[in-house]
Amino acid sequence: MHSILLRQVSRGDTVQMTTSHLRPIDRAVGELVRRITDDEWPVGSTLPSETALAAELSLGRSTVREAIRELAAKGLVRSRQGAGVYVLSTTMPTDVAATVRRASYDDVAEVRIIVEVNAAELAAQRRTPADLDRLSVALEERHRCAALSDDEFVDADIQFHGAVVDSAHNPVLADLFATFVPRLRAALIDYTRDVISREPGAEPDVDLHRELFDAISVGDARAARDAVRRHLGIR
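Here the residue numbering is sequential within each chain, running from 1 through the sequence in written order. Only residues with pLDDT of 70 or above have their local features reported here, since the model is predicted, and side-chain atom pairs are shown and tallied only from 80 upward, although totals for entire chains, interfaces and linings are computed over all residues. Neither water nor hydrogens contribute to the side-chain values; these are computed over all heavy atoms in the structure.

Tell me about the overall build of the protein, and please be specific about residues and values.
The helix and strand tally for the protein stands at 11 helices and two strands. Secondary structure elements of the protein occur, N-terminal to C-terminal, as α-α-α-α-β-β-α-α-α-α-α-α-α. A buried classification covers 43% of the 235 residues belonging to the protein. Summing over all exposed atoms, the protein offers an accessible surface of approximately 12100 Å²; the carbon and sulfur share of this is 51%. By the criteria applied, helices consist of DSSP H or I runs no shorter than four residues and strands consist of E runs no shorter than two, each listed in order from the N terminus. Only protein chains enter the area calculation, which uses a 1.4 Å probe; residues under 20% of their type maximum are buried, those over 50% are exposed, and those in between are partly exposed. Using the Shrake-Rupley algorithm and a 1.4 Å probe, accessible areas are obtained, with residue cover drawn only from the displayed protein chains.

Okay, here's the thing in structure tokens:
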């Protein structure tokens, strides 16, 4: 729903629509885009904190955080560690997310290799104690979700890989990963269910994910890179 709203806003149309029926994430994205494109926050300015925005929008902080990630993927904002979220543009750029949705899985998989292999290497060099805590929790959640549905397992798997990318502390890599996650998720669910016919409790590539975590933990960039390459089928 919010993609329609964004296209209308980007053309400068006057949009009158009720948002109460929208999902919280759609409402958050629509409102933040409206404020940015209306120049409430000019280029270079910093958005209010997640806590302040959540209070203003009557939404949870996690919803606001996800909305900001969507705006970052669209090139409107960028998170800068220690400085908050600042505005890059007040006009809607080319919708990269729409391009990804139309792309073949092979095209997305190639970009995934570029992003995740390099992100793993950087994560081993830049990870913080907080990053390692998040990675450890995500790895345990992946293991727990192996006993659940394919959808839940894939979501947990993507959360772990997202934590690896975030540990690289490169906002461009993080934005690229966030952009192709929906397309990747759909393909991974199909692959898990139809291609490998995963049995409940089975955890594909569990050893490689543990190797990746261990490599990042000890700061071994080459081992982290190799673990991702093997996981993605690159020898």
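After presenting the structure, the write-up continues.
With reference to specific residues and values, describe helix 8 (residues 150-166).
The terminal C-alpha atoms of helix 8, which comprises 17 residues, lie 24 Å apart, in line with the 24 Å expected from a rise of 1.5 Å per residue. With 13 of 17 residues buried, helix 8 lies mostly within the body of the structure. Multiplying 1.5 Å by the residue count of a helix minus one yields the expected span of that helix.

An account of helix 9 (residues 171-195) is needed here, citing residue identities and associated values.
Spacing of three or four residues puts side chains on the same side of an α-helix, whose turn is 3.6 residues. With 25 residues, helix 9 extends 33 Å from end C-alpha to end C-alpha; this agrees with the ideal 36 Å at 1.5 Å per step. The angle between axes fitted to the seven-residue stretch ending at a residue and the seven-residue stretch beginning at it gives the bend at that residue. The largest bend in helix 9 amounts to roughly 45° and is located at V181, with the proline P182 lying one to four residues further along. The N-capping residue of helix 9, defined by a side-chain oxygen 2.9 Å from the backbone nitrogen of V172, is N170. Note on helix 9: the residue one or two positions beyond its end, S197, has a positive phi of about 45°. Identification of polar contacts relies on pairs of N or O atoms within 3.5 Å, with a donor-acceptor requirement for protein atoms, meaning one able to donate a hydrogen and the other able to accept it, and with residues adjacent in sequence counted only if both atoms are side-chain atoms.

I'd like a rundown of the side chain of S89, residues and numbers included.
Along the chain, S89 falls in the loop between strand 2 (84-87) and helix 5 (96-102). What makes S89 buried here is its relative accessible area of 18%. Should any heavy atoms of two residues lie within 4.5 Å, those residues are considered in contact. Apart from the residues lying within four places of it in its own chain, the contact partners of S89 are I36, V43, G75 and L76.

Tell me what's going on with the pattern of salt bridges, and back it up with residues and numbers.
Oppositely charged side chains are able to pair whenever their charged atoms sit close together. Take a side-chain nitrogen of Lys or Arg and a carboxyl oxygen of Asp or Glu: if they are within 4 Å of each other, that pair is a salt bridge. Applying the stated rule across the entire model yields 21 salt bridges. For R112, the salt bridge goes to E116, with nearest N and O atoms at 2.4 Å. One end of the pair, R112, and the other, E116, are both in helix 6 (residues 105-126), four residues apart, so they sit about a helical turn from each other. On the accessibility criterion, R112 (6% relative accessible area) is buried. A relative accessible area of 3% means that E116 is categorised as buried. Beyond isolated ion pairs, a larger network of salt bridges with shared partners links E31, R34, R35, D38, E40 and E56.

Could you give an account of the environment of H169, naming the residues involved and the relevant values?
Within the element layout of this structure, H169 appears in the loop between helix 8 and helix 9. Among the residues examined, H169 registers a relative accessible area of 28% and is labelled partly exposed. Each C-alpha atom, one on H169 and one on L122, is 8.0 Å from the other, the two residues being 47 residues apart in sequence. Each residue touching H169, except ones within four places of it in the same chain, is listed here: Q81, R126, T128 and D131.

I'd like to hear about the environment of H209, residue by residue, with values.
As for its position among the elements, H209 is in helix 10 (residues 206-218). Residues H209 and H231 lie 22 residues apart in sequence; the distance between their C-alpha atoms is 8.0 Å. Those residues in contact with H209 that sit more than four places away from it in its chain are L139, R142, D157, F160, H161, P204 and H231.

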